[in-house]
Amino acid sequence: MYLNCHTYYSLNYGTFSEGELLALAEAHGVRALALTDINNTSAAMNFVRLARMQGIKPVVGIDFRNGNQQQFVALAQNHEGFRELNAFLSGHLHSGEPIASDAPAFANAYIIHPFEKVLKEERSRFREGEYIGVSLGELRKLRFSHYRDDHDRLVLLQPITFRNKKDFNTHRLLRAIGLNTLLSKLPQSEQGSPDDTMRPISEVESLLADFPHILANTRKLLEECSLDFGFGKDRVSQNQSRFLESKEADYQKLRELAEAGLPRRYANPSENVRQRMERELETIRKLDFVSYFLINHDIVSYARSRDYPYVGRGSGANSLVAYLIGITDVDPIELDLYFERFINPFRASPPDFDIDFSTWDRDDVTGYIFKRFDHVALLGTYNTFKYRAAVRELGKVFGLPKEEIDKLVSNRIQHDGLDELSKLVLKYATYIHGMPNYVSVHSSGILILDRSEHYYSATTLPPKGFPTVQFDMIIAEDVGIFKFDILGQRGLAKIKEAISIIRENQHEAELWDIKDVERLKRDPNINRLLSQGRAIGAYYVESPAMRGLMKKLGTHDYLGLVAASSVIRPGVSSSGMKDEYIRREQDPQRRKQANPILLEIMPETHGIMVYQEDVLKVAHLFAGLDLGEADVLRRGMSGKFRSREEFQAVRTKFFANCKERDHDAALTNMVWEQIESFAGYAFAKGHSASYAVESYQSLYLKCYFPLEFMVAVLNNGGGFYDMELYVHEAKMWGASILPPCINLSDHINVIHGRNIYLGLGNLRDLERPVIQRLLTERQLHGKFRDFDDFIDRVPISIEQLSILVRIDTFRCFGIPKKEVLWQAVFKTRAYGKRTRQNLLFKPRHRNFKLPQLPSHPIEDAYDQLELLGFPLCGYYALMDGEPKSQLVYRDFPDHLNKKILVYGAMVHTRTNTTSKGEIMRFTTMLDLNGNFFDCVHFPQAMDQTPIYGKGIYACYGTVTEEFGHYSLEVLATKKQPLKPDPRQTSGTMVRTK
């Protein structure tokens, strides 16, 4: 009966969800209604799904508006009509053009023109399929209009936006937020009407008693509109189903690729490998996932053709076929990876490949996908109102001062002490909390479909220029649309750039093929870096926790790194099994304490569940579930499916089977608790293995080309640590770190031999246009001959020039920087920014004889501290006074359980909340030799061990040891003062942040 219903996907307008709309309809006896959100079709598919479950007929359409001005409402007759409406809306969303008053001639959609607009325009001509929509409030006006006699064209167009006064008030606040205006200044024309509510069918029929044709036309319209999507058991994949001309051709292509890859991956493939390949090929074919493999293969083939590094990971690493055709680089035979973790008969959705590319290559790969395939879109997501953000937005709408809003956000005011406006802010913040605020783009999801994306929703066009659907991954999967994950990460960008830098800086160097992972795994020098925890800059293995774990485990090979990558995850740690795993790894005798059944199932991990696959093994071999059921159990542990009937059934069978097998009840419960405690947080083994491959590639470069690798790390945003630590690491590997040079530096960091010149882009407050102008001039007309030549060729303000002088970029001209600074002032005459203009004649510069200007290296350090954020000499050289202790990390074993004083330069610190709710801290320091040591600040010592940012700390505490890894349990810390800047006449010290 209702043809114009809105949900909160009518952004900053509607006030409730599609589920709440259907509940409202059911309460009012409505058995058919149309969802027509304003310029949006996000909720359409889920609305259809929920409506079918509730026995309500769903119709979908769009309320086309410019701002709040309703142009017309359109209803889709069928799927083709929905596509037409979505395509039309998408054109306007992409271009930003306003929607015209006249609707196009849709072949499969009905158009309803609002009565007030028809009156205003005195519209007299209507196409077939066009109607006049009258709201309940407009019936009185209809009686006095000549349109009252147009019996075949009148329908009920009663907007449904609110349930009650609270909804209407919330709507007004949302409108004010969306228009960025005070509530008191919100125009009436930008609001809905308080009468836009749903009424019982009996009341509607009574109000339309004099207009039975309106009732009949409305019902007929609803009857003639019908579309459905497959959900649940009726769901079928909407992804591109064929890669070539037929499914048989696809299968032959996949088989050929697998056969061709077999000798490349295995010199002498065993019968076990061949049987596994055949079994996988048949399963992939049976479950209709062949095109999915071929599309992913096509994407990575393009990457290889462009020399783009990539990592195929996710559960896809469990597939031998994926390994053979080059989607992944993880050998599932070597790692005993279950194919059923990836694909099994219980899995209706396609397997999961996450393919990582360099941050710089990802957009090009995405662009290739859009060109290569016919029906492609990015997956959408919705940014919802968070509670604090809602409080802040509502505070602005109500006109509260910023100070009051800040107090409300921080919860620093007792509720009893609030004024009425503040109470309203908090009250309505709870209402809009969780509502969608604006549509965004999923971090990695790309849809490659069998037909146009507009069969499912309209698309927006975000800044990157790729069409993006208006629904998220949850409803996408419900309807059979499965995303391809194309991700960008800096680790691969570092690898790619490091290789490029090596070729430039060491022309004769022999580079290994980083895709030859087996060679990397066998190299003793790379494995030595792992065991020593010397992995700074290497992807995924450089954090203090990971480096400490590798030292505790004595990680010295690929399989050990794969295990460490999963052991460190919260699930294994929280279950208490991490420490037990380390003990059993270090002490073979302790492995005998493991339950014999579990030890037999998981000999590689000493009877301890470390990977998600261990859930499969235990469920299959310990509890007797088949592998498909075991995967249902594993997926259910993520929480997403925990309430699903299939999971509950498998859980029941797990305990029943264990009882039938005469397993001790305590043992069964212990196993179940382990599964439950970590399965949702642990890595798939293939996922860990994929990360380990990339770590080995990074470590190879770090081992044999450390300086070039560290430059690449610096140029790609570092990693876990600040830029300062990577500069320090390069120095520890023998590099000379130099400040930017006017003739040798670039925007990024560059290396010449063993000299690393920091990039001009690192200088704080140096404007990008100045850097571009400088580099362009140098590229076009050669290096600068002297300071006068620079002044003649590069227009620059004295403020920007002084930054270059203070960091000593002109040192190559052999003039002290204080003298250069004086000349800079004289020769620019301290003018503001000069305009860009080519000089017709070269000016004659006067050179003034200046007195000897004293300087001190400490001055340079303070300039670097201000302009780069850290001193190139390190903080120890700036410390005021001599250390009272020369102890360093290598002395820790000699002082085990003893109290010592040791000095440390702070690298990284983080706090953690204990199980009792107390705060403790972990800090990583550099000792006097530049080596790491870790500090633990227990809750009882937090007040005596403060950390105030970067600098040198005197740390007093007890040396402790855990699994061969030494650390300091600090009892007191004191930050050391820095030497005063000689230029500060008062002798005061500059404090670091």
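Residues numbered from 1 in each chain as written. Predicted model: local features only at pLDDT ≥ 70, side-chain atom pairs only at ≥ 80, totals over all residues. Heavy atoms only, no water.

Enquirer: Looking at this structure, how should I read the environment of A100?
Expert: Relative to the helices and strands, A100 is located in the loop between α3 (79-95) and β5 (109-114). In this structure A100 comes out as partly exposed when scored by relative accessible area, which is 43%. With 29 residues separating them in the primary sequence, A100 and Q71 have C-alpha atoms 7.2 Å apart. Sequence-distant contacts of A100, defined by excluding residues within four places in its chain, comprise Q71 and F72. (Helix = DSSP H or I, 4+ residues; strand = E, 2+ residues; numbered from the N terminus. Buried < 20%, exposed > 50% of the residue type's maximum accessible area, 1.4 Å probe, protein only. Contact = heavy atoms within 4.5 Å.)

Enquirer: Any chance you could explain empty space enclosed by the protein here in plain terms?
Expert: To locate leftover empty space, one rolls a probe as large as a water molecule over the atoms. For the coordinates displayed, the defined rule picks out 3 cavities of 30 Å³ or more. Approximately 40 Å³ is the volume found for the largest cavity. Breaking the lining of the largest cavity down by element, the ones donating at least two residues are β9 (310-313) and α30 (685-704). Residues that form the lining of the largest cavity fall into these classes: 3 nonpolar, 2 polar and 1 charged. (1 Å grid on protein atoms, 1.4 Å probe; cavity = no way out; pocket = protein on both sides within 12 Å on 5 of 7 lines; lining within 4 Å. Points joined across faces, edges and corners; volume = space filled by probe spheres on them. Nonpolar A, V, L, I, M, F, W, Y, C, P; charged D, E, K, R; others polar.)

Enquirer: For this particular structure, what's the right way to read the layout of surface pockets?
Expert: What the second largest pocket holds in volume is close to 990 Å³. If you trace the second largest pocket, you find 32 residues lining it, with K552, K578, R910, F922 and E962 closest to the centre. Counting only elements with at least two residues in the lining of the second largest pocket, the list comes to α21 (544-553), α23 (570-574), α24 (577-586), β19 (899-913), β20 (919-926), β21 (932-937), β22 (952-962) and β23 (965-975). When residues of the lining of the second largest pocket are assigned to their parent elements, the largest contribution, 5 residues, is made by α21.

Enquirer: Can you help me understand unusual backbone geometry in this one?
Expert: If a residue is not glycine, its phi is most likely negative; likewise, a peptide bond is most likely trans. In this model, N180 sits at a positive phi of 55°, which is unusual for a non-glycine residue. Along the chain, the position of N180 falls in the loop between α6 (165-179) and α7 (201-207). You will see that D288, though not glycine, has its phi angle at about 65°, which is positive. Position of D288 relative to the elements: it lies in the loop between α10 (271-286) and α11 (290-305). On the basis of relative accessible area, D288 is assigned to the partly exposed category, the value being 40%.

Enquirer: What am I meant to see in the sheet that holds strand β3 (residues 57-66) here?
Expert: Hydrogen bonding along the main chain pairs the strands of a sheet, whether they run parallel or antiparallel. Read from one edge to the other, the open sheet built from 8 strands follows the order β7-β6-β5-β4-β3-β2-β1-β8, with strand pairing classed as mixed. The outermost strands of the open sheet, each flanked by one partner alone, are β7 (154-156) and β8 (159-160). Sheet topology places strand β1 (residues 2-5) next to strand β2 (residues 32-35); 2 bridges connect them, and they run parallel. Bridging from a neighbouring strand, C5 pairs with L35 of β2. The strands touched by helix α1 (residues 18-27) are β1, β2 and β8; relative to β2, the strand with the most contacts, the crossing angle is about 155°. On top of the sheet, helix α2 (residues 44-54) reaches β2 and β3; it is set at about 150° to β3, its chief contact. (Pairing = 2+ DSSP bridges. Axes fitted to C-alpha atoms, helices over the stretch in contact; angles between N-to-C directions.)

Enquirer: What's the story with the nonpolar core in this structure? I'm lost.
Expert: Where a protein is soluble and globular, its nonpolar side chains tend to be buried together. One finds Y558, L701, L763, F790, L801, L804 and F810 to be the most contacted residues of the largest nonpolar core, which totals 109 residues. Broken down by element, this core gets its largest block of residues, 8 residues, from α30. Beyond its immediate chain neighbours, meaning those up to four positions away, L701 contacts I495, A498, I499, I502, L511, P706 and F709. Formed by 95 residues, the second largest nonpolar core is a distinct cluster that contains F47, F64, Y382 and L449. (Core = buried A, V, L, I, M, F, W, Y, C linked by side-chain atoms within 4.5 Å.)

Enquirer: Help me understand helix α31 (residues 706-715), please; the structure alone is not making it clear to me.
Expert: Within an α-helix, residues lying three or four positions from one another point in the same direction, as the helix has 3.6 residues per turn. Within α31, 10 of the 10 residues are buried, leaving the element largely enclosed by the surrounding structure. Looking only at α31, the buried set comprises P706, L707, E708, F709, M710, V711, A712, V713, L714 and N715. Buried-residue contacts for α31 involve α18 (490-505), α30, α32 (723-732), β17 (750-752) and β18 (755-757). Following α31 by one or two positions, G717 adopts a phi angle in the positive range, close to 80°.

Enquirer: Help me understand the environment of E969, please; the structure alone is not making it clear to me.
Expert: Checked against the element boundaries, E969 lands in strand β23. Between the C-alpha atom of E969 and that of C955, which follows or precedes it by 14 residues, the distance is 9.4 Å. Those residues in contact with E969, other than ones at most four positions away along the chain, are V936, F938, G957, T958 and T960.

Enquirer: Any chance you could explain the pattern of salt bridges here in plain terms?
Expert: When charged atoms on two side chains of opposite charge get close, those side chains can pair. According to the stated counting rule, one finds 53 salt bridges in the structure shown. Notably, a salt bridge pairs D363 with K464, separated by 3.3 Å at the nearest N-O pair. Of this pair, D363 sits in helix α13 (residues 362-372) while K464 sits in the loop between β13 (459-460) and β14 (468-469), and the two are 101 residues apart along the sequence. For K464, a relative accessible area of 55% gives the class exposed. A salt bridge links D406 to K402, with the shortest nitrogen-to-oxygen separation between them at 2.9 Å. (Salt bridge = Lys/Arg side-chain N within 4 Å of Asp/Glu carboxyl O.)

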